[in-house]
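Coordinate analysis (summary)
Listed here are the chains, written in short residue letters.
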Amino acid sequence: MDLRDAEAERNMEPNHSECIYHMAVDIGGSLTKLVYFTKNNDHSDDESEAGVSCPVLKGRLNFKKFETSKIYDCLEFIKSMKLHLGGSQQQDGLERQITAIKATGGGAYKYADLFKERLGISLKKEDEMDCLVAGADFLLKVVRQEAFTYMDDQKQFVQIDQNDLHPYLLVNIGSGVGMYKVDGDGKFERVSGTSIGGGTFWGLGKLLTKCESFDDLLEQSSRGNNRAIDMLVGDIYGGMDYSKIGLSSTIIASSFGKVISDNKDLEDYKPEDIARSLLRMISNNIGQIAYLNALLFGLKRIFFAGFFIRSHPFTMDTLSAAVDFWSKGEAKAMFLKHEGFLGAMGAFMSSDKHGLQELLVKQQQNPNNMLCCD
Ligand SMILES: Nc1ncnc2c1ncn2[C@@H]1O[C@H](COP(=O)(O)OP(=O)(O)OP(=O)(O)O)[C@@H](O)[C@H]1O
Ligand SMILES: CC(C)(CO)[C@@H](O)C(=O)NCCC(=O)O
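What you see is a predicted model; the values in this text were computed from it and never measured.

Contacts to ligand 2 come from Glu 128, Gly 176, Val 177, Arg 190, Gly 193, Thr 194 and Ser 195. Between ligand 2 and Glu 128 there is a distance of 2.8 Å, counted from an oxygen atom to a side-chain nitrogen or oxygen. A distance of 2.6 Å separates an oxygen atom of ligand 2 from a polar atom in the side chain of Arg 190. Considering ligand 2 on its own, with 390 Å² of exposed area, one finds that the protein chains cover 52% of that surface. In this structure, ligand 2 is accommodated by the largest pocket. Among the elements that line the shell around ligand 2, the one with the most residues is strand β11 (residues 187–194), at three residues. Across the shell around ligand 2, the residue classes break down as one nonpolar, four polar and two charged.

Here's what the structure looks like:
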């Protein structure tokens, strides 16, 4: 963009007084996430995921996701809910075209023209890392039962002391994986990342199992047995443990390694077994990299987020077991209820017009004011 274009774009930016920031989007490589606020007397959206009631603001935060490849579904949803016309946010009850909303993720750049053409909305871009961390901090401090541990099929909520939240490692497992060392309010550093993430699971899973959707792939994985695909320590050691280095016979020695000696074609394997091995391979790998970063930076708490997790018991168990195994029980894996909505939440908060910062301050004065999910 040359300077004249930049100037023209600035001139097209809406006047701030016209903007009503009651919704924000995070448009990622795989999924588009929408956060929007509705007043208590609004027609409620039953399909919203883990909505949060805000008594102080007399309303509710709603969360919704769409596949980015079907971004038109998101635009249609905004239209059907009249979110681009302000919903019931207008004091006088009249509908008025919203001119700008906060947006983050790569799609805030990629789809800016589409939002403008279809909804008449400009996307005011916020950095995805800033939003992610701000969203995590906000949810962890303000929403009751946001954080939990998950091990051996046991979910346990973690009481977060807001004054003792930092430092922590935030591992966001989206299409790719980003790892952030969070030291304080707005103080963080991206310390690592890997391209072997949720997109890899979904992409390879699609190729190898002919699954119809992500949910189908996850469902298959919950029925599968990875022993049919993975080479275990016992397969190499004739059923015995390799006790000298603490490897029991049931530990995976080589993901997908059993396939080498099987002399079978793809069709000969059960799709659910492939899905299970794939999920285990990717979760183990992320758990291990996360632990190594926690070790490198002396962090005891690791929060896993991103929609790869999907509150899936086996995924959470695998991530927790990897952290537990590598740290010898020293570090803890934790998860967030609003796992994939951190970036969208942070974008929503980046405009302080809706009083959420104020709420946070109030909440800090009185822990009984924590927000509840419905
Ligand atoms: N319904 C779904 N459809 C597609 N993917 C899903 C679904 N539910 C969960 N996923 C998983 O979540 C991942 C996307 O997670 P998330 O929305 O947190 O990341 P993203 O913002 O799209 O990615 P990035 O930040 O890398 O651009 C997918 O790659 C897939 O593994
Ligand atoms: C490119 C982003 C930041 C887009 O959200 C994400 O997909 C990611 O962190 N990928 C991993 C890239 C890497 O660190 O190897």
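Looking now at the sheet that holds strand β8 (residues 154–157). Strand order in the open sheet formed by seven strands is β8-β7-β15-β14-β9-β10-β11, and the pairing between neighbours is mixed. For this open sheet the edge positions go to β8 and β11, each flanked by a neighbour on one side alone. Recorded for the sheet is a direction-independent mean angle of 30° between the axes of neighbouring strands. As paired elements, strand β9 (residues 168–173) and strand β14 (residues 301–305) share four bridges and run parallel to each other. Counted as the bridge partner of Leu 169 is Ile 302 from β14. Sheet strands in contact with helix α11 (residues 313–327) are β7 (147–151), β9, β14 and β15 (332–336), and its direction is about 85° off that of β7.

We now examine the domain arrangement of the protein. Taken as a whole, the protein is organised into domain 1 (3–130 + 341–373) and domain 2 (198–229 + 269–336). Each partner contributes to the interface: domain 1 provides eight residues, whereas domain 2 provides five residues. Carbon and sulfur atoms supply 80% of the area buried between domain 1 and domain 2, which totals about 520 Å² over both sides. On the surface where domain 1 and domain 2 come into contact, there are zero salt bridges. Applying the counting rule to domain 1 against domain 2 returns zero residue pairs in polar contact (both at pLDDT 80 or more). Among the secondary structure elements, those contributing two or more residues to the side of domain 1 that touches domain 2 are β2 (31–39) and β4 (59–67). Residue composition of the side of domain 1 that touches domain 2, grouped by class: three nonpolar, one polar and four charged.

If you trace the seven strands from one edge of the open sheet to the other, you get β6-β5-β1-β2-β4-β3-β16, paired in mixed fashion. One side of each edge strand has no neighbouring strand; the edge strands of this open sheet are β6 (122–125) and β16 (372–373). With nine bridges joining them, β2 and β4 adopt antiparallel strand pairing. Within the sheet, the bridge partner assigned to Lys 33 lies in β4 and is Lys 65. Where helix α12 (residues 342–349) meets the sheet, its contacts fall on β1 (23–27), β2, β4 and β5 (100–104), and the angle it forms with β1 comes to roughly 140°.

Reading the values: the criteria
Residues numbered from 1 in each chain as written. Chains lettered and ligands numbered in written order. Predicted model: local features only at pLDDT ≥ 70, side-chain atom pairs only at ≥ 80, totals over all residues. Heavy atoms only, no water. Near = heavy atom within 4 Å. Polar contact = N/O pair within 3.5 Å; in protein donor to acceptor, adjacent residues only side chain to side chain. Areas by Shrake-Rupley, 256 points an atom, 1.4 Å probe, with all protein chains shown as cover. 1 Å grid on protein atoms, 1.4 Å probe; cavity = no way out; pocket = protein on both sides within 12 Å on 5 of 7 lines; lining within 4 Å. Sits in = over half its atoms within 2 Å of the grid points. Helix = DSSP H or I, 4+ residues; strand = E, 2+ residues; numbered from the N terminus. Nonpolar A, V, L, I, M, F, W, Y, C, P; charged D, E, K, R; others polar. Pairing = 2+ DSSP bridges. Axes fitted to C-alpha atoms, helices over the stretch in contact; angles between N-to-C directions. Contact = heavy atoms within 4.5 Å. Domains from an automatic or database assignment. Buried area = accessible area lost by both parts, 1.4 Å probe. Salt bridge = Lys/Arg side-chain N within 4 Å of Asp/Glu carboxyl O.

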